[in-house]
Amino acid sequence: MLAIGAYVLLGVLVCLNYWADIHHRVSSHLPTDHSWFEWLFSHGAYSVRNLENPLFSLRQNAPDGVNMMANTSLLGVTLPLAPVTWLLGPQVTYSLYLGGALAATAGTAYWMLSRHLVRSRAAAFVGGAFLGFAPGIVHHANGQPNFVSNFLLPVIVARVLLLGAPGRSWRRDGLVLGLLVAYQIFINEEMLLLTALACLVIVLAYVAQRPRAARARAGGFLGALGLGGALALLLTAYPIWFQFNGPQSYRGLQGGVFHNWGEDLVAFVTFARDTLAGDEAVEKTIGLTEQNTWFGWPLVLVALVALALLVRRSLAARIVAVLVVVFTVASIGPVVRFDGEETTIDGPWAYIPDDLPLVEMMMPTRLSLVVAAALGVLLALAWDALARTAPAGGPRVPAPRPPADGAPADAAADPADAAPATATATAVPARSRRWLRPVGYAALALAVLPLVPRPLPAQPVDPPPRFITSGGWRPYVPAGRTLVPVPIPSNVHGLSTLRWSALTQHAFPVPGGYFIGPNADGEGVFGAPNRPTSTLIYATMDSGVVPPLTEEHRRQAAEDLRHWKASVVVLGAHPREAVLRDLMTALLGPAQRVDDVWLWKV
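Heads up: these notes are all about the structure in this document. (Residues numbered from 1 in each chain as written. Predicted model: local features only at pLDDT ≥ 70, side-chain atom pairs only at ≥ 80, totals over all residues. Heavy atoms only, no water.)

**As for the overall build of the protein chain**
Counting secondary structure elements, the protein chain contains 23 helices and 12 strands. Its C-alpha atoms give the protein chain a radius of gyration of 27 Å, within 12% of the compact-globule value 25 Å for 602 residues. In terms of its C-alpha atoms, the protein chain occupies a principal-axis envelope of roughly 90 × 50 × 50 Å. A total of 602 residues make up the protein chain; the buried ones form 55% of that total. A separation of at least 24 residues holds for 77% of the contacts in the protein chain among residues at least 6 apart in sequence. As displayed, the protein chain offers around 25300 Å² of accessible surface, 65% of which is attributable to carbon and sulfur atoms. (Helix = DSSP H or I, 4+ residues; strand = E, 2+ residues; numbered from the N terminus. Rg over C-alpha atoms; globule rule 2.2 N^0.38 Å. Buried < 20%, exposed > 50% of the residue type's maximum accessible area, 1.4 Å probe, protein only. Contact = heavy atoms within 4.5 Å. Areas by Shrake-Rupley, 256 points an atom, 1.4 Å probe, with all protein chains shown as cover.)

The following block contains the structure:
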């Protein structure tokens, strides 16, 4: 309980700047993503309240809608938390969940480590804390709670590694694994894919080092894996079909925008911005977009030393080493980057076609999140090895307890090293034992403490107009019609107006929005394709001047409003309010002042 309590406190710390003014702050790093996920919590609440299909929404990008399975919809979270969103609103739900997901991931990692890999609870605590609050994970907490929602992944990994173990029921293990995988699909498919790739590497490394034991487990392993896969496919077949073939689905991203995002080699030894030792200045050169590694040089140094000391006697350490090497190389991308500059050296992704299905959607740098997970396990193994090294002349530490649930006895060590921990202690010269533990603990602490997270940066955001929050819009928007906010919601210009929909829990549909949908060629693009009127609004915002207008502009505006099924156009307080009012008046005629907004009936 102490470990869980500590993780919860860390989760609160990370979200502290949001709680200071929960209704008027969003992430200053990714304010659009923060607002999008608030909108998603409202989507879950709206779908449950109205018993609508949660795989699709007509409340954004009206009248075409948004394919929620083809976006980061987090349905496995937003639907169960619908009552919380009804009661407290999406802003509170967002922050509660964000901190809770971080803590829950650390908690399940602690459970996995303490039950299946290490004896020392302190070792499990350190490893769990890193797995839940690694720099890359905390960085994604800046507006992307789907990437901190990893609480099922340690459980999935544990279940995979137990498949086919002596004394276990392959049917039960397969069913449990299938249920876990199916649920994770509705939380974050990308992290599930990374976990599957990591498990593949782990299994191959195990087979290479334990061929006889692998052969003995092969039948039960494959049977359970097949049953689990079949169950997961059965439960998710329609949602997955809907994702790729339903309305507003798409094929790949236009231009393969993510395919070139590889991890900079210097990033591995750099402190992340949102840690005690971090500095936001360095991200401007090597990691403004994502900071998936950013371990700092002390942890990299300690990890190399720990691997050198443990790799000969620990199977788990050798598998960790394989994971680190494979996924470090894989995360580099198509071109090797060093300190913010592209070199002339090709990376592994240079030899992978850009249009390969699924791969075209992957971001190479995110493969390094597996490296972060491997380092979390390594920290636990190293701390546990120190804990099992008895001081000279001191009492001998009992042997590790047998692995739980039928786990293989060689889960953490070779047979020669799976003997009582006293053998490990006596293998170390007495003179060395005097300093090994304190020096080892100090090194691990000095490597990890600089990575303790700081509160995420937040920025103020204006609330929606009173006309919106009080329901003053209701007489103007009949059923089947749309409220058109100005500016039209988008990932660039319409952050504030997208929140009108989120904070009213989808009370009315809006055009445009922040999502991924198809363009005319069926390729994925961010946001709705611009119509002439939305393009004109955005250009006027950028220039600050109303351009010369013609009857063609007015005809296009009328046509766009018909397409959006608009019943009213609303302009609230905005830095460009004056010029936007002049533009819309020139297009639609005189505005009507209602409460705290300008309004045009159409």
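**Structural notes on the packing of aromatic side chains**
In the structure shown here, the tally under the stated rule is 13 aromatic pairs. Relative to F295, the ring of F130 lies with its centre 6.4 Å away and its plane at 40 degrees, an arrangement referred to as tilted. Note that F130 is positioned in helix α7 (residues 121–133) and F295 in the loop between α13 (283–286) and α14 (297–310), a separation of 165 residues in sequence. Since its relative accessible area comes to 2%, F295 is described here as buried. Ring centres of Y238 and F242 lie 5.9 Å apart, and the angle between their planes is 55 degrees; on these two criteria the pair is classed as tilted. A residue pair is termed a helical-turn pair when its members lie 3 or 4 positions apart in one helix, as Y238 and F242 do in helix α12 (residues 211–245) at 4 residues. Accessibility expressed as a relative area gives 48% for Y238, which makes it partly exposed. Taken together, the aromatic side chains of F56, Y238, W241 and F242 make up a single cluster linked through ring pairs. Sitting over the ring of W598, R593 keeps its end group 4.8 Å from the ring centre. (Phe/Tyr/Trp six-rings, centres within 6.5 Å; stacked < 30°, edge-to-face > 60°. Lys NZ or Arg CZ within 6 Å of the ring centre and 35° of its normal.)

**Things to note about α12**
For α12, which comprises 35 residues, the first-to-last C-alpha distance of 42 Å sits more than 12% below the rise-based estimate of 51 Å (1.5 Å per residue). Taken as a whole, α12 carries its principal kink of about 60 degrees at T236; the proline P239 stands between one and four residues after it. Among all positions of α12, only A214, R217, F221, A224, G228, L231, A232, T236, P239, F242 and Q243 are buried. Looking at the buried positions of α12, the neighbouring elements they touch are β2 (56–57), β3 (66–67), α9 (153–162), α10 (170–185) and α11 (189–209). (Expected span 1.5 Å × (residues − 1). Bend = angle between axes of the 7 residues up to and from the residue.)

Purely geometric stuff here, so don't read any function into it on its own.
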